[in-house]
Amino acid sequence: MGEHIHTLFSQEVVETRIAEIAEQISRDFAGEEVLAIGILRGGVYFCTELTKRITVPVVLDFIEASSYGAGTQSSGQVNITRDLIEDAAGKNVIVIEDIIDSGRTLKLLLEKLQSRNPKSLKLCTLLDKPERRVVEVPVDYIGFQIPDQFVVGYGMDYAQKYRNLPYIGVLEFE
């Protein structure tokens, strides 16, 4: 069985949208500092591209959680494999994710972060698949809403492949 990828969003389109989100975050947190928490591994590409465009002071940290394994659908079980180094208490926290699908992973992470008493807690995602949502999560910044397709590139993978594509593509199996 072969794999084929067709472009959903070009590199230029993705980078333009990231710049727009960064401008909005910079306006929303003018005069304040934010703690940007990237969700590893997929979110690292979006997180770094976004945070380098934010004009307010940014402290960067990462958390790793997974619910996919080697498949194309969420397993429904969340595993946290790396926790934060920074203290979120009293800080403006922005969780930065590559894609929101079922919402299970983010619900757990947001509850965990809320228990650490941040000043504010916002969620930012590059891609949102609302029709796949099993658990609702409040999303404050969305790059693109997409239909129920399996996407790769810009950090998103299939069995750890294709993360490094500079665009977002739909993976199809032949």
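The structure presented is a predicted model; accordingly, all values stated were derived computationally and were not measured.

Rules used in this analysis
- Residues numbered from 1 in each chain as written.
- Predicted model: local features only at pLDDT ≥ 70, side-chain atom pairs only at ≥ 80, totals over all residues.
- Heavy atoms only, no water.
- Helix = DSSP H or I, 4+ residues; strand = E, 2+ residues; numbered from the N terminus.
- Rg over C-alpha atoms; globule rule 2.2 N^0.38 Å.
- Buried < 20%, exposed > 50% of the residue type's maximum accessible area, 1.4 Å probe, protein only.
- Areas by Shrake-Rupley, 256 points an atom, 1.4 Å probe, with all protein chains shown as cover.
- Lys, Arg positive; Asp, Glu negative; His and termini not counted.
- Charge placed at Lys NZ, Arg CZ, Asp CG, Glu CD.
- Disulfide = S-S within 2.5 Å.
- Polar contact = N/O pair within 3.5 Å; in protein donor to acceptor, adjacent residues only side chain to side chain.
- Arc of directions from axis to C-beta.
- Salt bridge = Lys/Arg side-chain N within 4 Å of Asp/Glu carboxyl O.
- Pairing = 2+ DSSP bridges.
- Phe/Tyr/Trp six-rings, centres within 6.5 Å; stacked < 30°, edge-to-face > 60°.

**Topic: the overall build of the protein**
Link 1 in the chain: Of the regular secondary structure elements, the protein holds three helices and nine strands.
Link 2 in the chain: The C-alpha atoms of the protein give 16 Å as radius of gyration, which agrees with the globular expectation for 174 residues (16 Å, within 12%).
Link 3 in the chain: The dimensions of the protein, computed from C-alpha atoms along their principal axes, are 50 × 35 × 25 Å.
Link 4 in the chain: Sorting the 174 residues of the protein into buried and exposed places 47% on the buried side.
Link 5 in the chain: Total accessible area on the protein is roughly 8300 Å²; 47% of this is exposed by carbon and sulfur atoms.
Link 6 in the chain: Distance from the positive charge centre (18 side chains) to the negative charge centre (26 side chains) of the protein: 4 Å.

**Points about the state of the cysteines**
Link 1 in the chain: The final tally for this structure, using the stated rule, is zero disulfides.
Link 2 in the chain: For the unlinked cysteine Cys47, the closest cysteine sulfur is that of Cys124, found at 8.9 Å.
Link 3 in the chain: Take Cys47: its relative accessible area is 0%, and that puts it in the buried class.
Link 4 in the chain: A residue is classified by how much of its surface remains accessible, and Cys124, at 0% relative accessible area, is buried.

**Structural notes on the side chain of Thr125**
Link 1 in the chain: In this fold, Thr125 is placed in strand β6 (residues 120-128).
Link 2 in the chain: With a relative accessible area of 0%, Thr125 lands in the buried category.
Link 3 in the chain: Looking at Thr125, its side chain comes within polar contact range of the main-chain oxygen of Leu127, at 2.8 Å.

**Some details on helix α3 (residues 104-114)**
Link 1 in the chain: Turning to α3, its buried residues are Thr105, Leu106, Leu109, Leu110 and Leu113. Each buried residue of α3 sits inside an arc of 120 degrees when the element is viewed along its axis, so together they form one side.

**Description of the pattern of salt bridges**
Pairing of side chains with opposite charge becomes possible as their charged atoms draw close.
Link 1 in the chain: Under the counting rule described, the total for this entry stands at 16 salt bridges.
Link 2 in the chain: Between Lys107 and Glu111 there is a salt bridge, with its nearest N and O atoms 2.4 Å apart. Taken together, the residues span about one helical turn, with Lys107 and Glu111 both in helix α3 at a distance of four residues.
Link 3 in the chain: For Glu111, a relative accessible area of 44% corresponds to the partly exposed category.
Link 4 in the chain: One salt-bridge network, in which partners are shared between bridges, spans Asp101, Lys129, Arg132 and Asp148.

**Observations regarding the sheet that holds strand β9 (residues 168-173)**
Link 1 in the chain: Read across the open sheet, the three strands follow the order β1-β9-β8; overall the sheet is antiparallel. Either end of the sheet is taken by a strand with one partner, and the two such strands are β1 (3-9) and β8 (151-152).
Link 2 in the chain: Summarising the sheet, β8 and β9 pair through two bridges and their orientation is antiparallel. Residue pairing for β9: Val152 is matched across the bridge by Gly169.

**So, the packing of aromatic side chains**
Link 1 in the chain: On inspection of all chains with the given rule, the structure shows three aromatic pairs.
Link 2 in the chain: Judged by centre distance (4.0 Å) and plane angle (20 degrees), the rings of Phe9 and Phe144 are stacked. Placement of the pair is Phe9 in strand β1 and Phe144 in strand β7 (residues 141-145), with a sequence separation of 135 residues.
Link 3 in the chain: We classify Phe144 as buried; its relative accessible area is 13%.
Link 4 in the chain: Aromatic pair Phe150 and Tyr158: ring centres 6.1 Å apart, planes at 85 degrees, arrangement edge-to-face. For the pair shown, Phe150 and Tyr158 are each scored as buried.
Link 5 in the chain: By way of ring pairs, the aromatic residues Phe150, Tyr158 and Phe173 are connected into one cluster.

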